[in-house]
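Structure at a glance
Residues per chain, in single letters:
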Number of protein chains: 2
Amino acid sequence: MTVPLDTALSYQCFLSDRVRAAKPSEVRKVFRAAQRPGMISFANGAPYLGGLPFDRLAEDAQRILQSRAAEAFQYGASDGVPELRAHIVDIMRLEGIEADAADAVVTAGSQQALDIAARITINPGDVVFAEGPSYAGGMAVFTSYEAEIVHVPSDADGLIPAELERLSAEVRAAGKTAKGLYTIPNFQNPGGVNLSVERRGEVGRICRDQGLLIFEDNPYGLLGFEGQTLPAIQPQFPDITFYFGSFSKMFAPGLRLGWVLPPAAFRGELVKASETAQLNPSVFTQLLMSAYLDDPAWRDTLDTYRALYREKYQTLVETLSAVMPAGTAWNAPTGGFYLWITLPEGLDAEQLVYECIERGAVYVPGTAFYTDGQGRNKMRMSFCLPTLEQIRQGAAIIGEVFREALASR
Amino acid sequence: MTVPLDTALSYQCFLSDRVRAAKPSEVRKVFRAAQRPGMISFANGAPYLGGLPFDRLAEDAQRILQSRAAEAFQYGASDGVPELRAHIVDIMRLEGIEADAADAVVTAGSQQALDIAARITINPGDVVFAEGPSYAGGMAVFTSYEAEIVHVPSDADGLIPAELERLSAEVRAAGKTAKGLYTIPNFQNPGGVNLSVERRGEVGRICRDQGLLIFEDNPYGLLGFEGQTLPAIQPQFPDITFYFGSFSKMFAPGLRLGWVLPPAAFRGELVKASETAQLNPSVFTQLLMSAYLDDPAWRDTLDTYRALYREKYQTLVETLSAVMPAGTAWNAPTGGFYLWITLPEGLDAEQLVYECIERGAVYVPGTAFYTDGQGRNKMRMSFCLPTLEQIRQGAAIIGEVFREALASR
């Protein structure tokens, strides 16, 4: 049997079912456009890096290369460097998590942590609940293992516990396996909502009672505009919770480091999965991250960012108030990276984004954050990376496109 | 339904089928033992790093942090930094591969490249052929996606084409899907064998005729003791070959960088899978790797390593000749990292490794390199990392244990 690969059709026979099951998405085009030179991007969930002490990081890198190169440039432990894990434990304590350094598992970003957690738990056809809307990349991990995402309706206090309970019963009644809940409880992506403290307990109890795992994804927890934090879900439900942390938003994405604190019973399989996926995270970048955290000044740097992000958020909202068509609404996040916008009747964010790109500004259409086709009248704007001036210019472009679209209807 | 997780048994219900299907392996214990202080390890496939120009790398790191920090510490393209991909193209050309920088995909080590290639191609139950013996970590990737590994008998010229053809027919006759061939054509791990140039063509033609993908894993190709290289399989069969390259053996594993050159038709899905798995490889480490390769002196450094590895190999073989029981045999690799040893009748490498560990030296039992239980009378010794003195001492320990075991039978 000869299999020519010169047509798109014939190579399909080599693709795995999990790839063939994946839904096509428009959102990659949007992110590609965000990379164009001169584009004002509200698309990427990228942090501002201007205030980081790169001189000090260069000194740290030099010291590591002078004194510990044979360790830093060699293979390392699959679960991470002990000194970085010790820092991770200190960071998690800020949100009420008590753990040992031996419990955490360092990964190449929290995205990889999500991937290996899904890999060891998800079977094709399993249902994973998620806020509606939710992080596209997180849901993509679960769907890449052929899970079905079921969105749980949310309000200003986060996902609604009674809805989770109802949907969980429905899923079981339909003969499906409800495997877990994927939740971003703090400054949620893209909704910007916090799951209220009271609901954290309720949601956790429902998950325990219904036999659901909790995938608690928390990249933004330390990024409250006022430095406020909320208690993690994990401490109340440690035996069913995978807690995910990231250095990408509170520090920088460039070292590709994150972590997961799994239920103790799953740790062995999780580390094995991480080893199969990439042997170990870079020892060099782990030592560099650890050196950065050795100086408590990192918390002052984070304070600077919080204040800056609040200012950017306020500038974005002020500009939008002036330029967007009447009837546009948005939430009022108290931290994090994202503004979540609802458009007036008749405007389609997915359709209009290409005209915005044409004129030099880009956001993410709301459809990217649902797996069921919702969100055409929604959009996410990330306000952390662009400058204040770019925010004003970019929002003005978007406002113009939307006003014109409304006028021409 | 309440699911208590306080017993190992109950948490099993949350594990995915792919985890439950995995076979337990002894080999993790061996690698853990290799980490003990003072242990002489022939276990890890770890390169010698003593000759790397760490001062220069520190300068490179400083320059990147001074002039390109906002790029180096931000998110980046899922398929890698263009300048590193340009270097990769130059490196691949050394083995006869003609590609554009836009074709290669950078990953967090070639292990991750294997993982995403398997992810987009393997369905549960698919058969993947592999040399017998083969790299444990590579086979673990395929089995983690529930592929079945079928070993193809090999001789001194690598895997035997007629055997591949016969087994492929057998697998199809049994109603199974034969998906691909996983091969390490150069200085094979662990066999140390090269697939002969003639057989490269034969093997490729069989794969094309039988509808098999080729997973060509080549971390050792530039590590011939005399600097000799062999032409890659990829150029003859670009439409069915995933070619995997690694910086971990020719430079260092610490930056966690490798790459894959996929068939053009698969590139889009491959990049998407990489993005889902970890968004992007570290831009900082990619720029550092690229800066290292900017200076052609890296090839002189590699020459130094080759000469050193040959000396270590010769020292190991000389020592083993003196200390191992009569009837022990080994191959004669012309490059790479590994000596592959066959023990005299009645000796069990898996059983005896624990006594060797007790006395301070460790190797990998042959069973790790087969998925079908073969290899109890085989073992792999990596000779690149230990010093000449450690090689003599460690081999003496192993010889003593084996002689005693034979005497006590």
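The model shown is predicted, which means the values in this text are computed figures rather than measured ones. (Residues numbered from 1 in each chain as written. Chains lettered and ligands numbered in written order. Predicted model: local features only at pLDDT ≥ 70, side-chain atom pairs only at ≥ 80, totals over all residues. Heavy atoms only, no water.)

**Quick notes on the UniProt feature "domain: Aminotransferase class I/classII large" (unreviewed entry) in chain A**
- As recorded in UniProt, the sites labelled "domain: Aminotransferase class I/classII large" (unreviewed entry) are residues 39–396 of chain A.
- Along residues 39–396 of chain A, the helical share is 42% and the strand share 16%, with 14 Å between the first and last C-alpha atoms. (UniProt positions renumbered as here; feature names shortened; annotations may be inferred. Helix = DSSP H or I, 4+ residues; strand = E, 2+ residues; numbered from the N terminus.)

**Looking at unusual backbone geometry**
- Geometrically, the link from Gly132(A) to Pro133(A) is a cis peptide bond, its omega value of 5° lying close to zero.
- A cis geometry characterises the amide bond from Asn189(A) onward to Pro190(A), with omega recorded as 10°.
- The residue Pro190(A) is located in the loop between strand E7 (178–183) and helix H10 (197–210) in this model.
- Although it is not a glycine, Arg256(B) sits at a positive phi angle of roughly 50°.
- Within the fold, Arg256(B) resides in the loop between strand E9 (241–246) and strand E10 (258–261).

**So, empty space enclosed by the protein**
Residues and elements named next belong to chain A.
- The final tally for this structure, using the stated rule, is five cavities of 30 Å³ or more.
- Quantified by volume, the largest cavity comes out at close to 110 Å³.
- Here the residues of the lining of the largest cavity are counted per class, giving seven nonpolar, six polar and two charged.
- Considering only enclosed or pocket space, the second largest cavity measures out at about 90 Å³ in volume.
- Taken together, 13 residues make up the lining of the second largest cavity; nearest its centre are Glu95, Asn218, Leu222, Tyr243 and Trp259.
- Only helix H6 (82–93) and strand E9 (241–246) provide two or more residues apiece to the lining of the second largest cavity.
- Here the lining of the second largest cavity takes three residues from E9, the largest share from any one element.
- Residue composition of the lining of the second largest cavity, grouped by class: eight nonpolar, four polar and one charged. (1 Å grid on protein atoms, 1.4 Å probe; cavity = no way out; pocket = protein on both sides within 12 Å on 5 of 7 lines; lining within 4 Å. Points joined across faces, edges and corners; volume = space filled by probe spheres on them. Nonpolar A, V, L, I, M, F, W, Y, C, P; charged D, E, K, R; others polar.)

**A look at the domain arrangement of chain A**
Residue and element names in this part refer to chain A.
- Per the domain assignment, the segments of chain A are domain 1 (11–52 + 299–407) and domain 2 (57–295).
- One C-alpha centre belongs to domain 1, the other to domain 2; they are set 24 Å apart.
- Contact with domain 1, which involves 28 residues of that partner, is made by 32 residues of domain 2.
- At the boundary of domain 1 with domain 2, total buried surface from both sides reaches about 2,700 Å², with 61% on carbon and sulfur atoms.
- One can count 13 residue pairs in polar contact (both at pLDDT 80 or more) joining domain 1 with domain 2.
- Mapped by element, the contributors of at least two residues to the side of domain 1 that touches domain 2 are helix H2 (17–20), helix H13 (297–323) and strand E12 (338–342).
- If one sorts the elements of the side of domain 1 that touches domain 2 by residue count, H13 sits on top with seven residues.
- In terms of residue class, the side of domain 1 that touches domain 2 is built from 14 nonpolar, seven polar and seven charged. (Domains from an automatic or database assignment. Contact = heavy atoms within 4.5 Å. Buried area = accessible area lost by both parts, 1.4 Å probe. Polar contact = N/O pair within 3.5 Å; in protein donor to acceptor, adjacent residues only side chain to side chain.)

**Concerning the interface of chain B and chain A**
- Between chain B and chain A, the residue contacts involve 81 residues of the former and 81 residues of the latter.
- Surface buried jointly by chain B and chain A totals about 6,600 Å² across both partners, of which 60% is contributed by carbon and sulfur atoms.
- Taken as a group, Phe14(B), Phe73(B) and Tyr75(B) account for 11% of the area that chain B buries against chain A, more than any other trio of residues on that side.
- Across the chain B-chain A interface, the total number found is four salt bridges.
- Of the charged contacts in the structure, one is a salt bridge between Arg28(B) and Glu275(A), with a shortest N-O distance of 3.0 Å.
- At the boundary of chain B and chain A, one finds 32 residue pairs in polar contact (both at pLDDT 80 or more).
- Among the elements of the structure, helix H2 (17–20), helix H4 (54–67), helix H5 (69–72), helix H7 (110–121), helix H8 (136–144), helix H10 (197–210), helix H11 (267–278) and helix H12 (283–294) of chain B are those that each provide at least two residues to the side of chain B that touches chain A.
- In terms of residue count, the dominant contributor to the side of chain B that touches chain A is H4(B) (eight residues).
- When the residues that make up the side of chain B that touches chain A are grouped by side-chain class, the tally is 45 nonpolar, 20 polar and 16 charged. (Salt bridge = Lys/Arg side-chain N within 4 Å of Asp/Glu carboxyl O.)

**Thoughts on the pairing of E7(A)**
All names here are of chain A.
- Of all six residues making up E7, six are buried, and the element is well covered by its neighbours.
- Sheet topology note: the strand E3 (residues 127–131)/E7 ladder contains four bridges and is parallel. What sits directly across from Val127, in E7, is Ala178.
- A crossover connection joins E7 to the parallel strand E8 (residues 213–217) through H10; in handedness this β-α-β unit is right-handed. (Buried < 20%, exposed > 50% of the residue type's maximum accessible area, 1.4 Å probe, protein only. Pairing = 2+ DSSP bridges. Right-handed = clockwise from strand over helix to strand, strands pointing away.)

**Some remarks on the pairing of strand E15 (residues 378–382) of chain B**
Residue and element names in this part refer to chain B.
- With five of its five residues buried, E15 lies for the most part within the structure.
- The alternating pattern of E15 places Lys378, Arg380 and Ser382 and Met379 and Met381 on opposite faces, both of which are buried.
- Summarising the sheet, strand E12 (residues 338–342) and E15 pair through five bridges and their orientation is antiparallel. Bridge pairing links Ile341 to Met379 in E15.
- Bridging between strand E14 (residues 364–365) and E15 involves two bridges; their strand directions are antiparallel. Bridging from a neighbouring strand, Val364 pairs with Arg380 of E15.

**Some remarks on the sheet that holds strand E14 (residues 364–365) of chain A**
Residue and element names in this part refer to chain A.
- Strand order in this open sheet of four strands is E11-E12-E15-E14, and the pairing throughout is antiparallel. Looking at which strands have only one partner, the edges of the open sheet turn out to be strand E11 (329–330) and E14.
- As paired elements, E11 and E12 share two bridges and run antiparallel to each other. Bridge pairing in E12 places Ala329 opposite Thr342.

**Here we look at the relation of the copies chain B and chain A**
- Mapping chain B onto chain A is achieved by rotating through 180° and translating by 0.0 Å along the same axis, at an RMSD of 0.0 Å. Interpreted geometrically, this transformation is the action of a two-fold axis. Nearest to the rotation axis, the C-alpha of Ala61(B) is located 3.5 Å from it, this being the minimum over chain B.
- Comparing contact sets, 100% of the residues at the interface of chain B also lie at the interface in chain A, consistent with an isologous, same-surface contact. (Least-squares fit on C-alpha atoms with pLDDT ≥ 70 in both.)

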